[in-house]
Amino acid sequence: MKAPSTSQLRSGKSIAAFAACAAAAIALLALLWPVGRLSVTCGGEMLIAWPIDKGERFEITFTHSLNLSPITDVVEWTGSDLVVVKSIFKTFGAGVPVPADGVGSELVRVGDHYELLGIDKHMQSISILLQETPDHHLSFNGREASLLEAAGPGSTVEIKVSTVPRVVRYMQGKGAS
């Protein structure tokens with residue numbers, strides 16, 4: 001068997017070096033690739049930061065101030081906007097929107113509650129003034145947070161999704177709050 005020539009050895013080392021550099025570049029790009037972070041801030045302070053992917057939905061639940069029944073707004077992140085897709089409530093009352101009010105396209109009964117569908121309201125962020133009633137809660141992927149407990153009554157919180165490098169999301173961890 002003939003020993004490899006010097007040029008063949010150099011060629012093999014070049015290929016290995018190129019492969020190592022390519023793998024490192026791919027790993028770096030993966031860490032820097034932007035991903036979503038669902039956040040709640042108050043006065044510039046980050047209160048909640050949860051990872052979110054395009055197409056995922058979260059819920060904002062609160063108590064209606066007049067009929068004192070729960071209402072849940074379902075919000076989807078499109079990758080660029082927050083879109084309120086539907087509201088879920090058990091009872092009607094003053095201030096509860098219906099399609100005749102120009103909100104949503106269809107009201108359906110589902111079991112013991114109603115769903116106002118087709119709201120399709122696009123926003124960059126959602127601002128909420130917190131009070132004892134309505135006592136807003138944020139729910140997403142099995143997590144729930146009381147916004148009132150996080151910021152206190154009379155505070156205004158902002159809910160939004162920003163894109164951050166994957167490494168930031170990784171450092172915060174899936175369970176970060």
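Details of the structure are given in the entry above.
So, how was this worked out
- Residues numbered from 1 in each chain as written.
- Predicted model: local features only at pLDDT ≥ 70, side-chain atom pairs only at ≥ 80, totals over all residues.
- Heavy atoms only, no water.
- 1 Å grid on protein atoms, 1.4 Å probe; cavity = no way out; pocket = protein on both sides within 12 Å on 5 of 7 lines; lining within 4 Å.
- Points joined across faces, edges and corners; volume = space filled by probe spheres on them.
- Helix = DSSP H or I, 4+ residues; strand = E, 2+ residues; numbered from the N terminus.
- Buried < 20%, exposed > 50% of the residue type's maximum accessible area, 1.4 Å probe, protein only.
- Pairing = 2+ DSSP bridges.
- Phe/Tyr/Trp six-rings, centres within 6.5 Å; stacked < 30°, edge-to-face > 60°.
- Lys NZ or Arg CZ within 6 Å of the ring centre and 35° of its normal.
- Contact = heavy atoms within 4.5 Å.
- Core = buried A, V, L, I, M, F, W, Y, C linked by side-chain atoms within 4.5 Å.

1. Focus: the layout of surface pockets
Inference 1: Taken as a whole, the largest pocket spans an internal volume of roughly 330 Å³.
Inference 2: Contributing to the lining of the largest pocket are 19 residues, with Phe62, Asp73, Val84, Ser87 and Pro97 lying nearest its centre.
Inference 3: Elements with a minimum of two residues in the lining of the largest pocket: β3 (57-63), β4 (70-77), β5 (82-89) and β7 (113-123).

2. Structural notes on the pairing of β5
Inference 1: The element β5 is largely enclosed, with a buried count of eight among its eight residues.
Inference 2: Taken together, the seven bridges between β4 and β5 define a ladder with antiparallel strand orientation. Of the residues in β5, the one forming a bridge with Val74 is Lys86.
Inference 3: What sits between β4 and β5 in their antiparallel hairpin is a turn of four residues, with Gly79 showing a positive phi close to 105°.
Inference 4: Pairing between β5 and β7: seven bridges, direction antiparallel.

3. Re the packing of aromatic side chains
Inference 1: Inspection of every chain in the model, using the stated rule, returns one aromatic pair.
Inference 2: Taken together, a centroid distance of 6.1 Å and an interplanar angle of 25° make the contact between Phe89 and Tyr114 stacked. Residue Phe89 is located in strand β5, and its partner Tyr114 is located in strand β7; the two are separated by 25 residues in the primary sequence.
Inference 3: When the ring centre of Tyr114 is taken as origin, the NZ or CZ atom of Arg109, which lies over that ring, is 4.7 Å away.

4. Examining the side chain of Ser139
Inference 1: Looking at the element boundaries, Ser139 is found in strand β9 (residues 137-140).
Inference 2: Residue Ser139 is classed as buried on the basis of its relative accessible area, which comes to 17%.
Inference 3: Beyond its immediate sequence surroundings of up to four residues, Ser139 is in contact with Phe58, Glu59 and Glu144.

5. A look at the nonpolar core
Inference 1: Leu38, Phe58, Leu138, Leu147 and Ile159 are the most contacted members of the largest nonpolar core, which has 31 residues in total.
Inference 2: Per element, the largest residue contribution to this core is four residues, and it comes from strand β2 (residues 45-52).
Inference 3: With residues up to four places along the chain from it excluded, the contact list for Leu147 reads Val40, Ile48, Ile128, Leu130, His136, His137, Leu138, Gly152, Val157 and Ile159.

6. Topic: the environment of Trp50
Inference 1: Along the chain, the position of Trp50 falls in strand β2.
Inference 2: Spatially, the C-alpha atoms of Trp50 and Arg37 are 5.6 Å apart, while their sequence positions differ by 13 residues.

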